[in-house]
Number of protein chains: 2
Amino acid sequence: MKPRRSLWMLGLESEEPSEQSRAELAAGLSQRFGVTLQPPRIPSVAELQLRPPRLSPPDTLAGFCRTDTWERAYHSYGYDRTDHAVFGHYPNPPDVVAHPRSEAELAAVLDWCSDRGCCVIPYGGGSSVVGGVTPPEDPRPIVTVALDELDQVLEIDDVSRAARIQAGVFGPHLEDQLRPHGFTLRHFPQSFAASTLGGWIATRSGGHYATNHTHIDDMVESVRLLTPRGWWETRRLPGSGAGPDPNRLVIGSEGILGIISQAWMRIQARPRFRATAGVRFASWQAGFDACRHVVQAKQWPANLRLLDPELAAGSAGLDGSQALLIIGFESAELSQAANIAQAVAMARAGGGVVDDADIVVDDGAEQATGRPSAVGRWRQSFAGGGAGIGAAAGLGLVAGTFETAVTWDRWPALDAAVRAATQAALDAVCGGGTVNCRFTHVYPDGPAPYYTYFGAFRSGAHLLDQQAAVKAAASDAIIAAGGTITHHHAVGRQHRPWYDQERPTLFADALAAAKAAVDPAGLLNPGVLVGP
Amino acid sequence: MKPRRSLWMLGLESEEPSEQSRAELAAGLSQRFGVTLQPPRIPSVAELQLRPPRLSPPDTLAGFCRTDTWERAYHSYGYDRTDHAVFGHYPNPPDVVAHPRSEAELAAVLDWCSDRGCCVIPYGGGSSVVGGVTPPEDPRPIVTVALDELDQVLEIDDVSRAARIQAGVFGPHLEDQLRPHGFTLRHFPQSFAASTLGGWIATRSGGHYATNHTHIDDMVESVRLLTPRGWWETRRLPGSGAGPDPNRLVIGSEGILGIISQAWMRIQARPRFRATAGVRFASWQAGFDACRHVVQAKQWPANLRLLDPELAAGSAGLDGSQALLIIGFESAELSQAANIAQAVAMARAGGGVVDDADIVVDDGAEQATGRPSAVGRWRQSFAGGGAGIGAAAGLGLVAGTFETAVTWDRWPALDAAVRAATQAALDAVCGGGTVNCRFTHVYPDGPAPYYTYFGAFRSGAHLLDQQAAVKAAASDAIIAAGGTITHHHAVGRQHRPWYDQERPTLFADALAAAKAAVDPAGLLNPGVLVGP
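Residues numbered from 1 in each chain as written. Chains lettered and ligands numbered in written order. Predicted model: local features only at pLDDT ≥ 70, side-chain atom pairs only at ≥ 80, totals over all residues.

Moving on, we come to the overall build of chain A. In terms of regular secondary structure, chain A is built from 15 helices and 18 strands. On C-alpha atoms alone, chain A measures out to a radius of gyration of 23 Å, which is about the 24 Å that the 2.2 N^0.38 rule sets for 532 residues. C-alpha extents for chain A along the principal axes are approximately 70 × 60 × 45 Å. Burial status across chain A gives 58% buried among its 532 residues. For chain A, the share of sequence-separated contacts (at least 6 apart) that also reach a separation of at least 24 residues comes to 71%. (Helix = DSSP H or I, 4+ residues; strand = E, 2+ residues; numbered from the N terminus. Rg over C-alpha atoms; globule rule 2.2 N^0.38 Å. Buried ≥ 20, exposed ≤ 12 C-beta atoms within 10 Å, placed from the backbone. Contact = placed C-beta atoms within 7 Å.)

Below is the structure:
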């Protein structure tokens, strides 16, 4: 029996914060923002009054289909469940939630949906921050297909270093199955514990590697996708030049073409050699200029993450004026000592400061050289990035993250415009707040900046409207400044207006036509990426 | 005035071999294969009798549209022009060849084709070995649109390291325009001198880098494509996770969606640091096992090319039993001494032999360390890979190359099956011949082997039929053994039957629907990739 996930925060029921934790957090935030916050009581499942299901699964499917309140409430949302759960707000739940245990059951439920003309919402880990798994406003009944029972590593090819993996496996469980064989997928989005392989592929997830193979895209060797017209399975190939890549149309398709059931993924030997340094810079600009210099040298470090002065102060204890660049290399079999020395030399040439004693080189021995440093403190902070969200539920904190990518020539202007627009929105909506930035991924031709904002709740307006106002201001600024509406958070329902501005209109037409070819009735995730 | 290209070989008219060269080659081949070969006379342009053009361009387009015999004959073929030119075989030439000098002229000619219902064949360098630019058998008039007048680097962004480049520029001319700025695209397919940027993008060309960013795909920042329904232009972005990548539908589209007019390409600083070694192995298997070990360590060498014993003997002077692995690193600003030392250590651990004195390390100084070696000899041989083809025109030599990619677990069986099938076909068709192999590109999950075959002409059957018989046998074996029909030669008209077996049928339907969305009348390169 799998542990039950929380209905109102990202994590397990067993990880939900105590009433005391919530009260303590409320007191702390009240002091910080000069307001008076009280954690609201969160309605129990028994109190929820959901719209009755508009259809019932037939007996042949009843063994893996659910219509109870918890299932329908849980699958009403992704990461944004918190903001809705505290108000008991479930106006549009799925009518049925299917948990197929095999591809045969998956096909059976999709056939049934086709026969009955249901909307179908594929559901992985439910960590979408953009409404990618939220049912649409649609007169048709809604069936959410949760992949969580398809969670096995089916096959490992240790010569080619690839594994055939079911799409519904969560990150930690996937790594648990690869570890005994000495392998790892090494894809660690911040949502790692709460997201699945299929979700990563469907949303072009951004992971562990800060440079080079940043997205899951490069790790997909082949995919197996069930569409309303049948199976779409690509050949296992290390590379090909035969027409447009069929995998690349599935990767990022966000459930509109079909349901990913499994994939052959490129895996790798577990790293034993590591080298890391945290380099301080006198200013944000000095930091990002040096970061550009390092990434353009194409050493492809696994880690190359830059924190702005505010974040470096809060997360790594710097003085508030300095930026921090984390550089890290790793390998299963080769010392990274020479690489870190070269990268640090480039960073120092750009004004970076790091003591030799703070360059950590681990050549697979038990004891690494170099002192524990700011890097360790920041990493710990990053891994716990979701902490506090649950405890803050319902307190009215306007907080969120958004991210983009932009070419270097436009980056300083984008940064200025996005910070100004977000701050202005926070000032207007919350009477103040803060914005900070880090680079999660970096390319030779530009960075992928990731912004976090906080503002206190100002009573009189609905929290969700306030969040939306801040987010819209930031999104408008991103698109106007030449960025992408998302580097790795996907489009979902929330980013759709800006996505429509970013992509070529004729590509939208082509994608809609491609969808219609495999999903002629338009059942799958309607309104996401294409269509009204 | 641009130098005129040869009508019957890949290169310029000025590079055509003399009658004496042709006679000498014929004598040499006669001796080698025990036959009597005579170089036939190649018909002059004045002797060619082409079908009269089925339509004439209007006055508004006449300034850049041609209907003369040379233009129509030249644009009848790609790389296979030689085999047809010697017989004066031009049964299906384009009716008009347009050379637009601006995007306005490009749009004007495509509008005219739409109005008149013409087939449109985009034409880059004409180096296709798979019939990708050969007009189809189609009752509609045919207009070939040659991009050669659109050959400028329009803009360089030296901060982001990207350049906006017109699609019709040939490789050397492109590098000539980047060099004064200290940059290079560093994409050198073997066809470099005879192919264009637009062709590389349309066909997913494989280039200089043997590992990591092997295909042009990774160098495309944005593309600008003219479809019958208008422009499709993507945003310049270093990375994005917003839906399926719109560039990836254009890359590899082989002219069926539209005509690529320009692209923003990722460029880079010119390398100054290099390190190279040629490592010998006692057998083909020892060589490919070591090659796998090196690529799976993910150092991403620029060069990692393996030659089988026959090729290593013929090209690099080895003894015929040994395989040769060429390892090369390069960088604009970092010494590659440590990298080559680590890679050579891995190769030696797999039984590889190389003298320390033969490891060449060039740290940007005038004099490199290390002796000239087999690597240099092989590189010279590779760069002249097309030489001899022109001189051999019409001699009836059955010769060709084909390539694939396959996962490592299937590689030894694929190699055995492909060699056996090709040899059997050569025996049957030519009464004997040879097949050799090298890896042009290598991935952690599998190699991209490249085969070259030669057989002497046996009279009594048509040369083209013989070529087709050998090629078909090899292609059948590749598909049956789990490979791709092409790693970087594209699909064109020749690979279509095997491409149809390789790709998912539903992807074919999706691609056809995407094409119909932007090219509703089906004007562009009909029969390539999709359609009858």
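This brings us to the relation of the copies chain A and chain B. Each copy superposes on the other: chain A lies on chain B with an RMSD of 0.0 Å after a rotation of 180° and an axial shift of 0.0 Å. In short, the pair behaves as if placed about a two-fold rotation axis. (Least-squares fit on C-alpha atoms with pLDDT ≥ 70 in both.)

Residue and element names in this part refer to chain B. Taken in spatial order, the 5 strands line up as 5-6-10-8-9 in an open sheet, and their pairing is antiparallel. Looking at the sheet topology across the chains shown, the edges are occupied by strand 5 (153–157) and strand 9 (230–233). On average, each strand axis in the sheet is tilted by 10° relative to the strand beside it, whichever way the strands run. Bridge count for strand 8 (residues 220–227) against strand 10 (residues 259–266) is 6 bridges, and the pairing is antiparallel. (Pairing = 2+ DSSP bridges. Axes fitted to C-alpha atoms, helices over the stretch in contact; angles between N-to-C directions.)

Moving on: helix 13 (residues 463–480) of chain B. Residue and element names in this part refer to chain B. Given a rise of 1.5 Å per residue, 18 residues ought to cover 26 Å, and the 26 Å separating the end C-alpha atoms of helix 13 matches this to within 8%. Among all positions of helix 13, only Gln466, Gln467, Val470, Lys471, Ala473, Ala474, Ser475, Ala477 and Ile478 are buried. In this structure, the buried side of helix 13 is in contact with strand 16 (398–403), helix 12 (411–430), strand 18 (446–455) and helix 14 (496–502). Immediately downstream of helix 13, the backbone of glycine 482 shows phi near 95°, a positive value. (Expected span 1.5 Å × (residues − 1).)

Residue and element names in this part refer to chain A. Taking 1.5 Å of rise per residue, 14 residues should cover 20 Å, and helix 4 (residues 103–116) covers 20 Å from first to last C-alpha, within 8% of that figure. For helix 4, the complete set of buried residues consists of Glu105, Leu106, Val109, Leu110, Trp112 and Cys113. Mapping the buried residues of helix 4 onto a view down its axis gives an arc of 155°, with all of them on the same face. Exposed residues lying more than 90 degrees from the buried face of helix 4 are Ala104 and Asp115. As for helix 4, its buried residues are in contact with strand 2 (96–98), strand 3 (119–123), strand 4 (142–146), strand 8 (220–227) and strand 10 (259–266). Residue glycine 117 follows helix 4 closely and has a positive phi angle near 65°. (Arc of directions from axis to C-beta.)

Attention shifts here to the sheet that holds strand 17 (residues 434–443) of chain B. Residue and element names in this part refer to chain B. Strand order in the open sheet formed by 7 strands is 15-12-14-13-17-18-16, with antiparallel pairing between adjacent strands. The open sheet terminates on both sides in strands that have one partner only, identified here as strand 15 (360–363) and strand 16. Averaged over all pairs of adjacent strands, the angle between their axes in this sheet comes to 15°, without regard to strand direction. Taken together, the 9 bridges between strand 12 (residues 273–281) and strand 14 (residues 323–331) define a ladder with antiparallel strand orientation. Pairing of glycine 278 across the sheet is with isoleucine 326, part of strand 14. Contacts from helix 8 (residues 284–296) reach strand 12, strand 13 (303–307), strand 14, strand 17 and strand 18, with the element oriented near 25° to strand 14.

Glancing now at the domain arrangement of chain A. Examined at the domain level, chain A breaks down into domain 1 (42–146), domain 2 (153–269), domain 3 (273–375) and domain 4 (398–488). For domain 1 of chain A versus domain 4 of chain A, the separation of C-alpha centres amounts to 31 Å. (Domains from an automatic or database assignment.)

Quite often, the size of an interface is put as the accessible area lost when its parts meet. Across the boundary between the two partners, chain A contributes 77 residues, which contact 77 residues of chain B. Every element with two or more residues in the side of chain A that touches chain B is listed here: strand 8, strand 9 (230–233), helix 7 (246–250), helix 10 (337–349), strand 17 (434–443), strand 18 (446–455), helix 14 (496–502) and helix 15 (505–518) of chain A. With 10 residues, the single largest contributor to the side of chain A that touches chain B is helix 15 of chain A. Here the residues of the side of chain A that touches chain B are counted per class, giving 34 nonpolar, 25 polar and 18 charged. (Nonpolar A, V, L, I, M, F, W, Y, C, P; charged D, E, K, R; others polar.)

All right, on to unusual backbone geometry then. Residues and elements named next belong to chain B. One non-glycine residue, glutamate 254, lies in positive phi territory at about 50°. With respect to the helices and strands, glutamate 254 occurs in the loop between helix 7 (246–250) and strand 10. Owing to 26 C-beta atoms within 10 Å, glutamate 254 belongs among the buried residues under this scheme. Non-glycine residue lysine 298 carries a positive phi angle of around 60°. With respect to the helices and strands, the residue lysine 298 is situated in the loop between helix 8 and strand 13.

A few words now on the packing of helix 8 (residues 284–296) of chain A against helix 10 of chain A. The description of two helices packed together rests on the angle between their axes and the distance between the axes. Residue and element names in this part refer to chain A. The N-to-C vectors of helix 8 and helix 10 enclose an angle of 145°; their axes lie 9 Å apart at closest approach. In this structure, helix 8 crosses over helix 10, and the sense of that crossing is right-handed. Two secondary-structure elements touch here, helix 8 through Ala290, His293 and Val294 and helix 10 through Ala343, Met346 and Ala347. Taken together, the residues of the contact of helix 8 with helix 10 break down into 5 nonpolar, 1 polar and no charged. (Left-handed = near helix turned anticlockwise from the far one by under 90°.)

Here we take up the confidence of the model for chain A. For chain A, per-residue confidence averages 93 on the pLDDT scale, and 94% of positions sit at 70 or higher. For residues 380–387 of chain A, every residue scores under 50 in pLDDT, and the model assigns this stretch 3 contacts once sequence neighbours within four places are set aside. (pLDDT = per-residue confidence, 0-100.)

Along the chain, leucine 334 of chain B turns up in the loop between strand 14 and helix 10 (337–349). The class of leucine 334 of chain B is buried, set by 23 C-beta atoms lying within 10 Å. Contact partners of leucine 334 of chain B, with chain neighbours within four places excluded, come to Ala297 and Gln342 of chain A together with Phe273 of chain B.

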